[in-house]
Amino acid sequence: PMRNAPVPKPAQAFRLLAQVLGAMLALTLFAALTPARAAEAPLEMAMDTVLVVHTADDQNRFLGSAFLWGAGEVAVTNAHVVGTAAEVRLTDHHGRSRIVPVIARDPVRDVAVIGLGAGGPAGLPLGPLPLLGEPVWALGAPLGLDFTATRGMVSARARQIEAAVPLRLLQHDAAVNPGSSGGPLIDGEG
């Protein structure tokens, strides 16, 4: 506590309060009108490439996640998400839905490709592998909760799990649950 500190007069106190409230209002307006921080923009852009996968039949069962790849003519997911289905229903972040064919699958590497055709939005590019300890985000629909992002970090690079499967995996600790399968893992640049 400060002793003998001068006590502001009521007029001075009112001016100080007005200045503080004015600064708070200015900061609030600045935050509301300023574009998203640079780290959030790639995440938002990447979320626009995420798709939710359902069966193409009348049951419309939730299967998992997928994402637009490259030029946007295909989507990528896990083979276990589509199973043996010849076609699936994809729904994008804007609620648009369509039935599309599963054009390739590799159950050993657990990858499937879904054909979309030309004319759609661009998908995610392949970037360099993130470094050990770098933050990453897992995007998808965990537990059927559409368009969710969870944050983690790279725990290991080029981790081979099975000797018979020549596939090196990126290990991370972002939370994933059933339904996250097939969604992308992105770095801070998207």
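Along every chain, residues carry numbers that run from 1 in the direction the sequence is written. Predicted model: local features are reported for residues with pLDDT of at least 70 only, side-chain atom pairs are reported and counted for 80 or more only, and whole-chain, interface and lining totals are derived from all residues. In computing side-chain properties, one takes all heavy atoms of the structure into account and sets aside hydrogens as well as water.

With respect to the overall build of the protein
In step 1: Secondary structure counts use DSSP, requiring at least four H or I residues in a row for a helix and at least two E residues in a row for a strand, with both numbered from the N terminus. For the protein, the count of helices and strands is 3 helices and 10 strands.
In step 2: Each helix and strand of the protein, placed in order from N terminus to C terminus, yields the pattern α-α-β-β-β-α-β-β-β-β-β-β-β.
In step 3: Exposure classes here rest on a 1.4 Å probe applied to the protein chains alone. A residue is buried below 20% of its type maximum, exposed above 50%, and partly exposed in between. Counting across all 190 residues of the protein, residues that qualify as buried make up 30%.
In step 4: Contact criterion: two residues are considered in contact whenever any of their non-hydrogen atoms come within 4.5 Å of each other. Partitioning the contacts of the protein with sequence separation of at least 6, the portion at a separation of at least 24 is 58%.
In step 5: Note on areas: Shrake-Rupley, 1.4 Å probe, and residue coverage restricted to the protein chains presented here. For the protein, the accessible area works out to roughly 12200 Å², and carbon and sulfur atoms hold 62% of it.

Section: the environment of Ser97
In step 1: In this structure, Ser97 sits in strand β5 (residues 97-106).
In step 2: Contact partners of Ser97, with chain neighbours within four places excluded, come to Arg89, Leu90 and Thr91.
In step 3: A polar side-chain atom of Ser97 sits 3.4 Å from a polar atom in the side chain of Thr91. Side-chain atoms alone can form a polar contact between residues adjacent in sequence; in general such a contact is a pair of N or O atoms within 3.5 Å, and within protein one must be able to donate a hydrogen while the other accepts it.

So, the packing of aromatic side chains
In step 1: Two aromatic rings, drawn from Phe, Tyr or Trp (for Trp, its six-membered ring), form a pair once their centres lie within 6.5 Å of each other, and the interplanar angle then sorts them: stacked below 30 degrees, edge-to-face above 60, tilted otherwise. In this structure the tally under the stated criterion is 1 aromatic pair.
In step 2: Relative to Trp69, the ring of Phe67 has its centre 6.1 Å away and its plane inclined at 65°; by these criteria the two rings are edge-to-face.
In step 3: We classify Trp69 as partly exposed; its relative accessible area is 33%.

Regarding the side chain of Ser180
In step 1: Structurally, Ser180 is set in the loop between β9 (168-172) and β10 (185-186).
In step 2: Once you skip the residues sitting within four places of it in the chain, Ser180 turns out to touch Ser65, Leu139, Ala141 and Pro142.

Some words on the side chain of Asn78
In step 1: Relative to the helices and strands, Asn78 is located in the loop between β3 (74-77) and α3 (79-82).
In step 2: Using a relative accessible area of 19% as the deciding quantity, one classes Asn78 as buried.
In step 3: Of note is the side chain of Asn78, whose polar atom sits 2.5 Å from the backbone nitrogen of Gly182.
In step 4: For Asn78, the residues in contact, after removing those within four places along its chain, are Asp110, Val111, Ala112, Ser181 and Gly182.

Regarding the layout of surface pockets
In step 1: The rule is simple: put a 1 Å grid over the protein atoms alone, call a set of points where a 1.4 Å probe fits but cannot get out a cavity, call an open set with protein on both sides within 12 Å along at least five of seven lines a pocket, and count a residue as lining if it has an atom within 4 Å of a point. Grid points are joined across faces, edges and corners, and a volume is the space filled by probe spheres set on the points. Put simply, the largest pocket is a space of about 1600 Å³.
In step 2: Along the walls of the largest pocket sit 50 residues, with Leu169, Leu170, Gly183, Pro184 and Leu185 positioned nearest its centre.
In step 3: Mapped onto the lining of the largest pocket, the elements with two or more residues apiece are β2 (62-69), β3, β7 (135-140), β8 (148-160), β9 and β10.
In step 4: At 6 residues, the largest contribution of residues to the lining of the largest pocket is made by β8.
In step 5: Here the nonpolar group is Ala, Val, Leu, Ile, Met, Phe, Trp, Tyr, Cys and Pro; Asp, Glu, Lys and Arg are the charged ones; every other residue, Gly included, is treated as polar. Here the residues of the lining of the largest pocket are counted per class, giving 27 nonpolar, 16 polar and 7 charged.
In step 6: Going through the elements one at a time, β4 (87-92) and β5 are the ones with two or more residues in the lining of the second largest pocket.
In step 7: Here the lining of the second largest pocket takes 3 residues from β4, the largest share from any one element.

Quick word on the sheet that holds β10
In step 1: By this definition, two strands are paired if DSSP reports at least two bridges between them. Reading across from one edge, β9-β8-β7-β10 is the order of the 4 strands in this open sheet, with antiparallel pairing throughout. Strands at the two margins of the open sheet, each flanked by one partner only, are β9 and β10.
In step 2: Here 6 bridges tie β7 to β8, and the two strands are oriented antiparallel to one another. Bridging from a neighbouring strand, Pro135 pairs with Met153 of β8.

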